[in-house]
Each structure stands twice: as C-alpha cells, then as structure tokens.
Amino acid sequence: MAIDSETGDADKLKDEAARRSGIHGWLDGIRSTRTGALTLKIVIGVIGAVMVVGGLIMVPFPGPGWLVVFAGLAVLATEFHWAHKLLEFGKSVLHGWTEWYKRRGWTVRIIVLLVTLAAMGVIIWAALKLSLGIDLVAKARELLGV
C-alpha cells in the first residue's frame, strides 16, 4: 500500500493512535510526528523536573515531599527510560524500608518516631530562624517566664 501523504507514515500512525482510547491514544497521536514527540519530551521534562525539585525542597519539612518527588518521577517516566528505572529503584527501596520497619519491635518503632520528630523539629526551628528570624526557643522561654 503506497502512502500518498507528504508526511509519510505520520497519518497512518495518527489514525492508529486515534483508535486507542484515553490518554495513551492522545499521547500516541502527539508522538506520531517528530515535532510533537520533541515538544512532548520538553513539556514532560520541564513539568517532571519542577515536581522533583519542588518535592526535594519539601522533603525536610512536614508534608508530602517524597510523594511529590515520586509523582514527578512518574511524570518523567512517561517519556524517559532512565526516570522509569529510577522510579522502580525508589519503589523497591521504599518497599524494603517498609518491610524492615514492619519486622521491628515497638522499641525500634518508637525510637524511629522520636528521631523523626526531633529531626522535623530541628528543621522547622532552623527554617524559621534562618528565613524569618523567628527563634522559637526564645519565644517559648518568654511565654514560660524562664
């Protein structure tokens, strides 16, 4: 079968992609041309990188830092094989940590909790003191009259 189109196989690929449903069909339609594939890689790369960097900045603070990092890697993994491999590695490390933690007794679990809370407190104290000039220890002493 000869293709009369100036775009070669792109029209055929777009038709096949249109038959697929949902997001995969839409993405395949974009990827069917060189310009679309490059544009998609750039957009996915920027969005994923912003999410990963933002998540890494949030990691030391209370909140969803690691969740945002993993979500950013998942976004990047849609277009980049290295990100898929890194995401799988991260998931396996997280699973290993979770399994190790489950096998520990209550003493170890409480110690891990206390260390986590202490680290979180130090990070919050340092962030407030360095960025806003607020010393929580001094404020607490004032309130307690010490």
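Residues numbered from 1 in each chain as written. Predicted model: local features only at pLDDT ≥ 70, side-chain atom pairs only at ≥ 80, totals over all residues. Heavy atoms only, no water.

How would you explain the overall build of the protein chain if you had to name every residue and give the values?
In terms of helices and strands, the protein chain carries seven helices and zero strands. Helices (α) and strands (β) of the protein chain occur, in sequence order from the N terminus, as α-α-α-α-α-α-α. The buried share of the protein chain, taken over its 146 residues, is 15%. Taking contacts inside the protein chain between residues at least 6 apart in sequence as the whole, the part at least 24 apart equals 29%. (Helix = DSSP H or I, 4+ residues; strand = E, 2+ residues; numbered from the N terminus. Buried < 20%, exposed > 50% of the residue type's maximum accessible area, 1.4 Å probe, protein only. Contact = heavy atoms within 4.5 Å.)

Any chance you could break down the UniProt feature "transmembrane region" (unreviewed entry) in the protein chain for me, citing the residues and the numbers?
Annotation from UniProt places "transmembrane region" (unreviewed entry) at residues 38–59, 65–87 and 108–128. In this annotation, residues 65–87 is assigned 87% helix and 0% strand; the end-to-end C-alpha distance for the span is 15 Å. With 100% helix and 0% strand, residues 108–128 has end C-alpha atoms that lie 30 Å from one another. (UniProt positions renumbered as here; feature names shortened; annotations may be inferred.)

For the pattern of salt bridges, give the residues involved together with the corresponding values.
Per the stated rule, a full pass over the model turns up five salt bridges. In this structure, the salt-bridge partner of Glu 79 is Arg 31, at a minimum N-O distance of 2.5 Å. Residue Glu 79 is located in the loop between helix H4 (65–77) and helix H5 (81–103), and its partner Arg 31 is located in helix H2 (residues 22–31); the two are separated by 48 residues in the primary sequence. For Lys 129, the salt bridge is made with Asp 135, and the minimal N-O distance between the two is 3.5 Å. Residue classification places Lys 129 among the partly exposed positions, given a relative accessible area of 36%. Within this structure, Asp 28, Arg 31 and Glu 79 form a network of salt bridges that share partners. (Salt bridge = Lys/Arg side-chain N within 4 Å of Asp/Glu carboxyl O.)

Any chance you could break down the confidence of the model for the protein chain for me, citing the residues and the numbers?
Overall, the prediction assigns the protein chain a mean pLDDT of 84, with 86% of residues at 70 or greater. Averaged pLDDT values for the elements of the protein chain fall to 62 in helix H1 (residues 10–19) and rise to 93 in H4. (pLDDT = per-residue confidence, 0-100.)

I'd like a rundown of the packing of aromatic side chains, residues and numbers included.
One pass over the structure, following the stated rule, counts three aromatic pairs. Through pairs of rings, three or more aromatic residues link up here, namely Trp 97, Trp 100 and Tyr 101. When the ring centre of Trp 106 is taken as origin, the NZ or CZ atom of Arg 109, which lies over that ring, is 5.2 Å away. (Phe/Tyr/Trp six-rings, centres within 6.5 Å; stacked < 30°, edge-to-face > 60°. Lys NZ or Arg CZ within 6 Å of the ring centre and 35° of its normal.)

Residue-level account of the packing of H4 against H5, with values.
Relative placement of two packed helices is described by the angle separating their axes and the distance separating the axes. Relative to each other, H4 and H5 sit at 145°, their axes nearing to 7 Å. Considering the relative orientation of H4 and H5, their crossing is left-handed. Counted together, Phe 70, Leu 73, Ala 74, Leu 76 and Ala 77 of H4 and Trp 82, Ala 83, His 84, Leu 86, Leu 87, Gly 90 and Lys 91 of H5 form the full contact between these two elements. Residues belonging to the contact of H4 with H5 are distributed by class as follows: nine nonpolar, two polar and one charged. (Axes fitted to C-alpha atoms, helices over the stretch in contact; angles between N-to-C directions. Left-handed = near helix turned anticlockwise from the far one by under 90°. Nonpolar A, V, L, I, M, F, W, Y, C, P; charged D, E, K, R; others polar.)

Kindly report on the nonpolar core, identifying the contributing residues and their values.
With ten residues, the main nonpolar core is built from Leu 27, Leu 40, Ile 44, Val 52, Val 69, Leu 73, Leu 76, Phe 80, Ala 83 and Leu 87. If you list the elements that add at least two residues to this core, you get helix H3 (34–58), H4 and H5. Not counting the four nearest positions on each side in its chain, Ala 83 is found in contact with Leu 73, Leu 76 and Ala 77. (Core = buried A, V, L, I, M, F, W, Y, C linked by side-chain atoms within 4.5 Å.)

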